[in-house]
Amino acid sequence: MATPVLLGLTGGIGSGKSTVAGLLAAQHRAVVIDADAISRNTTSAGGSALPAIAAAFGAEMIGADGALDRAAMRERVYQDGDARHRLEAIVHPLVAQETDRQARQALAGGAPLMVFDVPLLVEAGARWRARVDQVMVVDCDAETQIARVMARNGFPREQVEAIMAAQASRDRRLASADAVVFNGSGTDLALLRTQIGVWAHRFGL
């Protein structure tokens, strides 16, 4: 069985990471392991993180639908600098376990390319860098990011800017990249496909 290429995919909020991941799957038979989706599942109704979250932050953090009250938790995190670390200490190990399970499954299935879609890959430091062959950054100018997230999520500009400020800077992400896919204003799918194809060709994908 051939060894798959292990790609870490990252980018700031609104950069279009999910679009790039989808193209890698469609064009190059990638198995995409979405750390953000896994994280959301742990805090959805019945999610494995909920009992520990309720114990650490109070039952009021669990909404009437049985899932994490994301708005309330966002407010708690903004008010309490330590809350983010306590939440991550609960969620991150569960995400790591499920990520490893999906990776083993993809390996057993003979995937030629395994894409780890990790929004905070750069922020995680050496831990992710050590487990992938390449880091691909989806790059985008800040104004386009802000406009996309405001349109997609309905967030006010100040909230989007606060989220971006909590992420790695654009320069820091680019400094960590082995490959960069630009997806700023005016970039269409054809150009994205071309950029991805140039990268994939280097690995025979």
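Everything quoted here is computed from the prediction, not taken from an experiment. (Residues numbered from 1 in each chain as written. Predicted model: local features only at pLDDT ≥ 70, side-chain atom pairs only at ≥ 80, totals over all residues. Heavy atoms only, no water.)

### Some details on the sheet that holds strand β3 (residues 113-117)
Reading across the sheet, the five strands line up as β2-β3-β1-β4-β5 and stay open at both edges, with parallel pairing between neighbours. Every other strand in the sheet has two partners, leaving β2 (30-34) and β5 (179-182) as the edge strands with one partner each. Direction aside, neighbouring strands of the sheet carry axes that sit 25 degrees apart on average. Two elements, β2 and β3, share five bridges in a ladder whose sense is parallel. What sits directly across from alanine 30, in β3, is leucine 113. Taken strand by strand, helix α2 (residues 35-42) contacts β2 and β3, and its axis lies near 40 degrees from that of β2. Across the sheet, helix α5 (residues 81-108) lies against β2 and β3, angled at about 165 degrees from β3, the strand it touches most. (Pairing = 2+ DSSP bridges. Helix = DSSP H or I, 4+ residues; strand = E, 2+ residues; numbered from the N terminus. Axes fitted to C-alpha atoms, helices over the stretch in contact; angles between N-to-C directions. Contact = heavy atoms within 4.5 Å.)

### Digging into the packing of helix α4 (residues 70-79) against α5
With their axes 4 Å apart at the nearest point, α4 and α5 run at an angle of 125 degrees to one another. In terms of orientation, α4 lies oblique with respect to α5. Contacts between α4 and α5 pair Met73, Arg76, Val77 and Gln79 from the former with Gly81, Ala83, Arg84 and Leu87 from the latter. When grouped by side-chain class, the residues that make up the contact of α4 with α5 number four nonpolar, two polar and two charged. (Parallel < 35°, antiparallel > 145°, perpendicular 65-115°, else oblique. Nonpolar A, V, L, I, M, F, W, Y, C, P; charged D, E, K, R; others polar.)

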